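Below, each chain spelled out in residue letters.
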Amino acid sequence: MHTRQDVHQWFLDLLLPLQTTSSPGQAHRTLGHFSAHYSDRVAGLEGFARPLWGMAAAQRGGLAVPMWQETFEGLKNGSNPEHPEFWGEARNFDQRLVEMAAVGFMLALHPEEVKTQLSDRELENLIGWLCNMYTCQTVDNNWLFFRVMVDLGLQNLGHFEAARAERLSQTWRRIEDFEAGGGWYRDGPTSRADHYIPMAFHLYSLIYAALKPEDPHTETLLARASLFAQDFLRWFGRDGSAVPYGRSLTYRFAHGAFWGALAFANLEALPWGVIKGLYLRHLRDWQKHPIQSHSGLLTLGYRYEQHALNEQYNSPSSPYWAFKAFLPLALPDTHPFWQAEEQPYPDWQGTKVQKVPGLLIHRNPQQDHTVFYPSTQQDPWVRHGPEKYQKFAYSNRYGFSVPSARAGLDALALDSMLGFSMDGEAFEVRESTLSCDITEKHLFTRWSTRNGAKVETWIVPFEEGHVRVHHVDLPVPMTLAEGAFAFPAEGSQTVCSNSMASVQREGQKASIQDLSGDREARCIQAHPNTSVMHPRTLIPTLLGTFPAGKHWLVTLVETCS
């Protein structure tokens, strides 16, 4: 995948399997039969709407878009209260509000075609359905931009209301409350700043700036995105792989949509060849992994189909948010983004502090290995929140794991975690950080567990790994388990001594060693489908039982490739 034509072909390869999933009235697509927290009817709307991020862009670029005409049938029937496939009226915090954003984006890019294809009554129905966005309450985070996207569509249709304009002004003021400096936002009134910042806050901002160049917000939005790009490139490896971190990983190559959105907004935040390289390498990396079913549909999971990873808001249609990455298809071949010669990754090494997301980031260019060491972020409401935000390390090579059960080291998959147990079976881990200190040389956090352990942890990265120093205070005797990275099990060999455990294959190796001398080393075979990267993994692990009181633990974690 090197050209606009190549990207368009992959878009077609992913879109065409959806043809067999549409309802008779074209307003719903059924991609599977398991559920999110919203109804199957709303999941059907999701299946209709999310592909529009890529379809509307490709149509704008004059490219072939199968099912484009059927989309207008879906708009007519889904927004018609008298039709059996009516999507239903949105309520406060409704998933319908999420999917309205893609419809608004389509209307913004193709207002004249929509007005031609829909009768006055049908257009009135569609506008009425979308205007629920202004009376319903959204989640107080990136959802605010859904109202911005809907308003773009309605404005381009020539539909204006004073009350709606005031509601939009309030929305922009609230979005500004989440601006955090350095081009960053926080995803709501929390510490959270993950992949939602580039694939939501900045992506919607760049779409808005591209379509509203004279708007007062535009100059600020472009300046922030340009600044953010300097930080965000460090979230990727030389091969295009991103560091999996945080929630909604099932959106997969939406993580690289920011680079395409820069092109859509004609913002050369980095040289065009560099942006093009970041964008294309990310898509090429995803082409290597089994992310489609036998029928060609995008599956739920990250590097493979993995339902244990999913959040409560993921339906079978959810992965198609990845189609946001096809924004550059709206641009002609003559655009400097497509004309530029792809340039290599702007390699760097050592450590960088990103204060807003609370990350110490270390890169080893010889291994093309980027590791996040997090400090402040947490999400107690999302499924597997501690595993997605509070592990000691997240890697573009080894990812991280989520548990498959509540007890047993094989089920808990404690990679990059320190667990505390009273019975040797159920382990409590870090769920939040009480305080932290972060520099380019080390990361310090203070935290505690539900079973009463108090912990201070220092992490010091170096070229091939990192050292962890823990000062623990135990209220009662406990068994402690500490894991390194989860390593692919297929074809691997393990080596265990009294204090060191390692796994290796094909020149790659991951190990953990107890430098304080009080723990036994093992390689734990994790339950299948716990790692986001590989279906079967081995986790080098240290185990020890300690009396009540204070103890020092020193751990060496190393990798090589």
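The structure presented is a predicted model; accordingly, all values stated were derived computationally and were not measured.

**Student:** Where do I start with the overall build of the protein chain in this structure?
**Tutor:** The number of helices and strands found in the protein chain is 16 helices and 19 strands. In summary, the protein chain has a C-alpha radius of gyration of 24 Å against a globular reference of 24 Å for 561 residues, a match within 12%. Seen through its C-alpha atoms, the protein chain measures out along the principal axes to roughly 75 × 50 × 45 Å. The buried share among the 561 residues of the protein chain stands at 64%. Put simply, of all contacts in the protein chain between residues at least 6 apart along the chain, 67% involve residues at least 24 apart. Here the protein chain displays about 19,800 Å² of accessible surface, and carbon together with sulfur accounts for 49% of that area. Charged side chains of the protein chain number 49 positive and 60 negative; the gap between the two group centres comes to 2 Å.

**Student:** Can you walk me through the packing of aromatic side chains in this structure?
**Tutor:** Geometrically, a pair of aromatic rings is defined through the distance of the ring centres and the angle of the planes. Scanning all chains against the criterion turns up 49 aromatic pairs. Seen from their ring centres, Trp10 and Phe326 are 6.2 Å apart, and the 75° between their planes marks the pair as edge-to-face. Taken together, the residues span a long stretch of sequence, with Trp10 in helix 1 (residues 4–15) and Phe326 in the loop between helix 13 (272–287) and helix 14 (336–339) at a distance of 316 residues. Relative accessible area serves as the criterion here: at 6%, Trp10 is assigned to the buried category. Judged by relative accessible area, Phe326 falls into the buried class, the value being 0%.

**Student:** Sorry, what's going on with the sheet that holds strand 6 (residues 394–395) here?
**Tutor:** In any sheet, the strands associate via hydrogen bonds between backbone groups, in a parallel or an antiparallel arrangement. The strand order 3-4-5-6 describes an open sheet built from 4 strands, whose pairing is antiparallel. Each of the sheet's edge strands pairs with one partner strand only, and the pair in question is strand 3 (350–354) and strand 6. Pairing of strand 4 (residues 359–364) with strand 5 (residues 369–374) involves 6 bridges; the strand directions are antiparallel. Paired with Leu359 across the two strands is Pro374, which belongs to strand 5.

**Student:** What is the right way to read the pairing of strand 4 from this model?
**Tutor:** Within a regular beta strand, the side chains point alternately toward one face of the sheet and then the other, so they alternate between its two faces. With 6 of its 6 residues buried, strand 4 lies for the most part within the structure. Burial along strand 4 is two-sided: the face carrying Leu359, Ile361 and Arg363 and the face carrying Leu360, His362 and Asn364 are both buried. Across 5 bridges, the pairing between strand 3 and strand 4 is antiparallel. By the bridge assignment, Gly350 is partnered in strand 4 with Arg363. Hairpin connection of strand 3 to strand 4: 4 residues between the antiparallel strands, including Gly358 at a positive phi of 70°. Here strand 4 folds back onto strand 5 in antiparallel fashion, the turn holding 4 residues, of which Asp368 has a positive phi close to 50°.

Thresholds applied
Residues numbered from 1 in each chain as written. Predicted model: local features only at pLDDT ≥ 70, side-chain atom pairs only at ≥ 80, totals over all residues. Heavy atoms only, no water. Helix = DSSP H or I, 4+ residues; strand = E, 2+ residues; numbered from the N terminus. Rg over C-alpha atoms; globule rule 2.2 N^0.38 Å. Buried < 20%, exposed > 50% of the residue type's maximum accessible area, 1.4 Å probe, protein only. Contact = heavy atoms within 4.5 Å. Areas by Shrake-Rupley, 256 points an atom, 1.4 Å probe, with all protein chains shown as cover. Lys, Arg positive; Asp, Glu negative; His and termini not counted. Charge placed at Lys NZ, Arg CZ, Asp CG, Glu CD. Phe/Tyr/Trp six-rings, centres within 6.5 Å; stacked < 30°, edge-to-face > 60°. Pairing = 2+ DSSP bridges.

The values reported here are purely geometric and, on their own, carry no functional implication.
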